[in-house]
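Residues per chain are reported as follows:
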Amino acid sequence: MSEGVNVFLDVALQRVLGIDPRKESFTVKMTDGPDGDVGGNEIAIMVCEYCDNAKIVGIADHSGCAEDPDGLNNEELLRLFEQELCISNFSAHYSDRVVFCTFVKARKVSL
């Protein structure tokens, strides 16, 4: 796994914001989905390292975005990561919170 992004996150949380991510809750918005190398690994690392303290409130990737001000469901995000699926496959059934999703459909455009 690539851990460089998480090292930067950990340092920024502790040194800049004064948050101990292993003891205090924090929120994150991400660009790159659960099927991406950086985004997917970061989701897995945050859930492993910080458990429920890491609240991923928004993710945007090539397929669309998903947002939940209370945090997207970690179980569902890990399922997407493990199955290498983009955020458009996020299932609101894994959350009892309000989730807003916008999905982009590809279409061929001639220039």
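Conventions and cut-offs
- Residues numbered from 1 in each chain as written.
- Predicted model: local features only at pLDDT ≥ 70, side-chain atom pairs only at ≥ 80, totals over all residues.
- Heavy atoms only, no water.
- Salt bridge = Lys/Arg side-chain N within 4 Å of Asp/Glu carboxyl O.
- Helix = DSSP H or I, 4+ residues; strand = E, 2+ residues; numbered from the N terminus.
- Buried < 20%, exposed > 50% of the residue type's maximum accessible area, 1.4 Å probe, protein only.
- Pairing = 2+ DSSP bridges.
- Right-handed = clockwise from strand over helix to strand, strands pointing away.
- Axes fitted to C-alpha atoms, helices over the stretch in contact; angles between N-to-C directions.
- Parallel < 35°, antiparallel > 145°, perpendicular 65-115°, else oblique.
- Left-handed = near helix turned anticlockwise from the far one by under 90°.
- Contact = heavy atoms within 4.5 Å.
- Nonpolar A, V, L, I, M, F, W, Y, C, P; charged D, E, K, R; others polar.
- Core = buried A, V, L, I, M, F, W, Y, C linked by side-chain atoms within 4.5 Å.
- pLDDT = per-residue confidence, 0-100.
- Polar contact = N/O pair within 3.5 Å; in protein donor to acceptor, adjacent residues only side chain to side chain.
- Expected span 1.5 Å × (residues − 1).
- Arc of directions from axis to C-beta.

Caption draft 1: Just the pattern of salt bridges, in detail. Enumeration over the complete set of coordinates arrives at 3 salt bridges. Here Arg22 makes a salt bridge to Glu49, at a shortest N to O gap of 3.1 Å. Residue Arg22 is found in the loop between helix H1 (4–16) and strand S1 (26–31), and its partner Glu49 is found in helix H2 (residues 37–50); the two are separated by 27 residues along the sequence. Of the residues examined, Arg22 reaches a relative accessible area of 43% and is grouped as partly exposed. A salt bridge links Arg79 to Glu76; the nearest nitrogen and oxygen atoms lie 2.7 Å apart. Of this pair, Arg79 and Glu76 both sit in helix H3 (residues 74–82), 3 residues apart, which is roughly one turn of the helix. Each of Asp10, Arg22 and Glu49 takes part in a single network of salt bridges with overlapping partners.

Caption draft 2: Spotlight on the pairing of S1. Residue alternation in S1 divides its side chains into a buried set, Phe26, Val28 and Met30, and an unburied set, Thr27, Lys29 and Thr31. As paired elements, S1 and strand S2 (residues 54–61) share 6 bridges and run parallel to each other. For Lys29, the partnering residue across the bridge sits in S2 and is Gly58. Taken together, S1, H2 and S2 constitute a β-α-β crossover, and its handedness is right-handed.

Caption draft 3: Region of interest: the packing of H2 against H3. Where H2 contacts H3, the two axes come as close as 9 Å, and the packing angle between them is 140°. Taken as axis vectors, H2 and H3 run oblique relative to one another. When the axes of H2 and H3 are compared, the crossing they make is left-handed. Of H3, the residues touching H2 (which contributes Gly40, Asn41, Ile43, Ala44 and Val47) are Asn74, Leu77, Leu78 and Phe81. A per-class count over the contact of H2 with H3 returns 6 nonpolar, 3 polar and no charged.

Caption draft 4: Just the nonpolar core, in detail. Residues Phe26, Met46, Ile56, Ile59 and Leu77 are the most contacted members of the largest nonpolar core, which totals 19 residues. Elements with a minimum of two residues in this core: H1, S1, H2, S2 and H3. With 4 residues, the single largest contributor to this core is H2. Ignoring any residue separated from it by four or fewer positions in sequence, one finds Ile59 in contact with Met30, Asp32, Gly33, Pro34, Ile43, Gly64, Cys65, Ala66, Leu72, Leu77 and Ile87.

Caption draft 5: Just the confidence of the model for the protein chain, in detail. For the protein chain, mean pLDDT is 87; residues scoring 70 or higher make up 85% of the total. Ranking the elements of the protein chain by mean pLDDT puts strand S4 (residues 100–103) last, at 68, and H3 first, at 95.

Caption draft 6: Spatial organisation of the side chain of Arg79. Within the structure, the side chain of Arg79 is placed 2.7 Å from the side chain of Glu76, a separation counted as a polar contact. When near neighbours in sequence (up to four residues on either side) are disregarded, Arg79 contacts Leu85, Asn89 and Tyr94.

Caption draft 7: Representation of H1 in the model. Helix length check: H1 (13 residues) gives 17 Å between terminal C-alpha atoms against 18 Å at 1.5 Å per residue, within 8%. Turning to H1, its buried residues number three or more, namely Asn6, Leu9, Asp10 and Leu13. Along the long axis of H1, the arc covered by the buried residues comes to 95°, so they all point the same way. Relative to its buried face, H1 has exposed residues pointing more than 90 degrees away, namely Phe8, Arg15 and Val16. The inward-facing, buried residues of H1 abut S1 and H2. Looking at the residues trailing H1, positive phi occurs at Gly18, about 70°.

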